[in-house]
Amino acid sequence: MKLTRSRKNRMLAGVLGGMAESFGMSAALIRILFVILTFSTAFFPMAMIYLVLVFVLPNREGY
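Please read these numbers as outputs of a predicted model, since none were measured by experiment.

Visitor: Looking at this model, I keep getting lost on the packing of helix H1 (residues 15-23) against helix H2 (residues 27-40). Mind explaining?
Guide: How two helices sit against one another is set out by the angle between their axes and by the gap between those axes. As a packed pair, H1 and H2 sit with axes 8 Å apart at the nearest point and diverge in direction by 125 degrees. With respect to their mutual orientation, H1 and H2 come out oblique. As for the relative orientation of H1 and H2, their crossing is right-handed in sense. The residues of H2 that touch H1, namely those facing Leu16, Gly17 and Ala20, are Ala27, Ile30, Arg31 and Phe34. Of the residues assigned to the contact of H1 with H2, the class counts are five nonpolar, one polar and one charged.

Reading the values: the criteria
Position numbers for residues start from 1 in each chain and track the written sequence from start to end. With pLDDT at 70 or above as the cut-off, local features in this predicted model cover only qualifying residues; side-chain atom pairs require 80 or more to be listed or tallied, and sums for whole chains, interfaces and linings still use all residues. Side-chain numbers come from the whole structure's heavy atoms, not from hydrogens or water. Between N-to-C directions, angles cover 0 to 180 degrees, with each direction set by a line fitted to C-alpha atoms, over the stretch in contact for helices. Where helices and strands are cited, they refer to DSSP runs of H or I of at least four residues and of E of at least two residues respectively, numbered from the N terminus. To sort the angles, those under 35 degrees are grouped as roughly parallel, those over 145 as roughly antiparallel, those from 65 to 115 as roughly perpendicular, and the leftovers as oblique. Take the far helix as the reference: if the near one is turned anticlockwise from it by less than a right angle, the crossing is left-handed, and if turned clockwise, right-handed. Throughout, a contact is declared for two residues whenever any of their heavy atoms are within 4.5 Å. By the convention adopted, Pro, Cys, Tyr, Trp, Phe, Met, Ile, Leu, Val and Ala count as nonpolar, Lys, Arg, Asp and Glu as charged, and the other residues, Gly among them, as polar.

Spelled out as structure tokens, the structure:
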């Protein structure tokens, strides 16, 4: 399982859509969990993790 950013299932940068595709889960569920975690951790840690993943994860090849 290789994490990549999605090219077709993206809202901002495709990080959460790519995670959903890699884990075989719904992108909406991943996004809801991310929002809940973001607000429960006072925004900063999850925002930093997301920004790091934007620059670290490659785009998915093929489509």
